[in-house]
Amino acid sequence: MVFAAPLFAFRFEIEIWQRALAALVAFCLISSAIYLLNDCLDVEVDRVHPSKRCRSIASGLVTVPAALATALMLTVVSLSFAAVITPKLAGVVLLYGLIQVGYCLKLKHQPLLDLFAIASGFLLRAIAGAVAAGLPLSPWFLLTVGLLALFLAIEKRKAELRVTKNAGVTTRTVLKRYSLPLLLRLESLVATSSFMSYSLWAAGPALKGASTSWMLLTVPFVLVGIFRYQLLSDPEEVERRGTLRPDLNGEKPEEILLNDRGIQFTLIGWVLTTLLIGLVNHAAA
């Protein structure tokens, strides 16, 4: 997500990617701190979760005081490192940290607000990459990233709701306020909006989107990727796979991105097409 802005802008200068890499490091540090805080707050609940009970804090491998001390240290290092790159990046990192702390303490128990809090993390990562590299932000780019992030957040809750029902144990209080039909309606709305906003961005300069309308060639990859993700997260499809691929149940979006061949081929196709268009566009300029 941090590298999305330079890639979407067809900027391949080494300095820009170095600064984006610095933003990546800052976000790795602050997100690690947030994960430690969240696991400390959820330690008792995680111990009854079928998979989260194996986490370091829930299993007792790492003590809560040690985890909190590490989280504080990581936060200080992250903000300091970001400030060296640019104060704006430090501001984005700080905003991310505040929202996520709010999520850990309160927002994760509030229906709908929890989805927006999760999505904001992805959106702020993309903004951080642009801010660190000094690149302008297209409104269509921000809308696309935000909607796709919201889509992943809904898919995550849908998978957690399914796991909760199968295990007979409620590991998140907010899941009591969700139902599968509701999440399916939200999923349909956000998936459609994501695809349309990306298509409008890909249409090119006429709509203040991409620098070339040739990016419309990547639209099929985005559509196939959304379809593939929905197939993998469909309750009947998950039940059909059973225990063969527990890593593709949708509870952890990153595992689907890393382990599903269909998603991987779609991403590779999108990246290669985007790079080719970017190189041709850069050469023409």
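See the structure printed just above.
Now for a quick tour of the structure. In this text the structure is predicted, and so the values were computed from the model without any measurement.

## Overview of a nonpolar patch on the surface
A cluster of nonpolar side chains, Leu 21, Val 25 and Phe 81, forms an exposed patch at the surface whose accessible area comes to about 230 Å². Mapped onto the fold, Phe 81 is located in helix H4 (residues 64-85). Classification of Phe 81 as partly exposed rests on a relative accessible area of 32%.

## A look at the nonpolar core
The biggest cluster of nonpolar side chains holds 42 residues, and the ones touching the most others in it are Phe 8, Phe 141, Phe 151, Tyr 198, Trp 201 and Met 215. If one sorts the elements of this core by residue count, helix H7 (residues 139-167) sits on top with nine residues. Residues in contact with Met 215, not counting those within four places in the same chain, are Phe 10, Tyr 198, Trp 201, Ala 202, Ala 210, Thr 274 and Ile 277. Ranked by size, the runner-up nonpolar core spans 18 residues in total, among them Val 2, Ala 26, Leu 89 and Val 93.

## Some remarks on the pattern of salt bridges
For the structure on display, the rule yields nine salt bridges. For Glu 160, the salt bridge is made with Lys 156, and the minimal N-O distance between the two is 3.5 Å. Separated by four residues within a single helix, Glu 160 and Lys 156 lie in helix H7, roughly one turn from each other. An identical accessibility class is assigned to Glu 160 and Lys 156; each is buried. A salt bridge links Glu 187 to Lys 158; the nearest nitrogen and oxygen atoms lie 2.8 Å apart. Taken together, the residues Glu 187 in helix H8 (residues 180-202) and Lys 158 in helix H7 connect sequence positions 29 residues apart. Its relative accessible area of 7% is what places Glu 187 among the buried residues. When salt bridges with common partners are traced through the structure, they connect Asp 114, Lys 156, Arg 157 and Glu 160 into a single cluster.

## With respect to the environment of Ile 127
Checked against the element boundaries, Ile 127 lands in helix H6 (residues 113-133). In this structure, the C-alpha to C-alpha distance between Ile 127 and Val 77, residues 50 residues apart in sequence, is 20 Å. In this structure Ile 127 touches Val 92, Leu 137 and Leu 142, once residues within four positions along its chain are discounted.

## Brief notes about the side chain of Ser 197
Looking at where Ser 197 falls in the secondary structure, it is placed in helix H8. Judged by relative accessible area, Ser 197 falls into the buried class, the value being 2%. A distance of 2.9 Å separates a polar atom in the side chain of Ser 197 from the backbone oxygen of Ser 194. The contacts of Ser 197, once residues within four sequence positions are left out, are Trp 140, Leu 143, Thr 144 and Leu 147.

## With respect to H6
Counted at 1.5 Å a residue, the expected span for H6 with its 21 residues is 30 Å, and the 30 Å between its end C-alpha atoms agrees. Counted residue by residue, H6 has 16 buried out of 21 residues, so it is predominantly covered. Immediately downstream of H6, the backbone of Gly 134 shows phi near 70°, a positive value.

## Observations regarding the packing of aromatic side chains
Here the structure, examined in full by the defined rule, presents eight aromatic pairs. Pairing Phe 8 with Trp 201 gives two aromatic rings, centres 4.6 Å apart and planes at 50°, and the pair type is tilted. Taken together, the positions of Phe 8 in helix H1 (residues 4-8) and Trp 201 in helix H8 put the pair 193 residues apart, joining distant regions of the chain. Accessibility assignment for this pair places Phe 8 and Trp 201 in one class, buried. Ring centres 5.1 Å apart and planes at 65° place the aromatic pair Phe 27 and Tyr 96 in the edge-to-face group. A residue pair is termed long-range when its members are at least 10 positions apart, and Phe 27 in helix H2 (residues 14-41) and Tyr 96 in helix H5 (residues 87-105) qualify at 69 residues. With respect to burial, Phe 27 and Tyr 96 carry one shared label: buried. The structure contains a cluster of three or more aromatic residues connected by ring pairs, namely Phe 8, Phe 141, Tyr 198, Trp 201 and Trp 270. If you follow Arg 125 out to its NZ or CZ, it ends over the ring of Phe 122, 5.9 Å from the centre.

The rules behind these values
Residues numbered from 1 in each chain as written. Predicted model: local features only at pLDDT ≥ 70, side-chain atom pairs only at ≥ 80, totals over all residues. Heavy atoms only, no water. Patch = residues over 30% accessible without salt bridge, like charges linked within 9 Å, V, L, I, M, F, W, Y side chains within 5 Å. Areas by Shrake-Rupley, 256 points an atom, 1.4 Å probe, with all protein chains shown as cover. Salt bridge = Lys/Arg side-chain N within 4 Å of Asp/Glu carboxyl O. Helix = DSSP H or I, 4+ residues; strand = E, 2+ residues; numbered from the N terminus. Buried < 20%, exposed > 50% of the residue type's maximum accessible area, 1.4 Å probe, protein only. Core = buried A, V, L, I, M, F, W, Y, C linked by side-chain atoms within 4.5 Å. Contact = heavy atoms within 4.5 Å. Polar contact = N/O pair within 3.5 Å; in protein donor to acceptor, adjacent residues only side chain to side chain. Expected span 1.5 Å × (residues − 1). Phe/Tyr/Trp six-rings, centres within 6.5 Å; stacked < 30°, edge-to-face > 60°. Lys NZ or Arg CZ within 6 Å of the ring centre and 35° of its normal.

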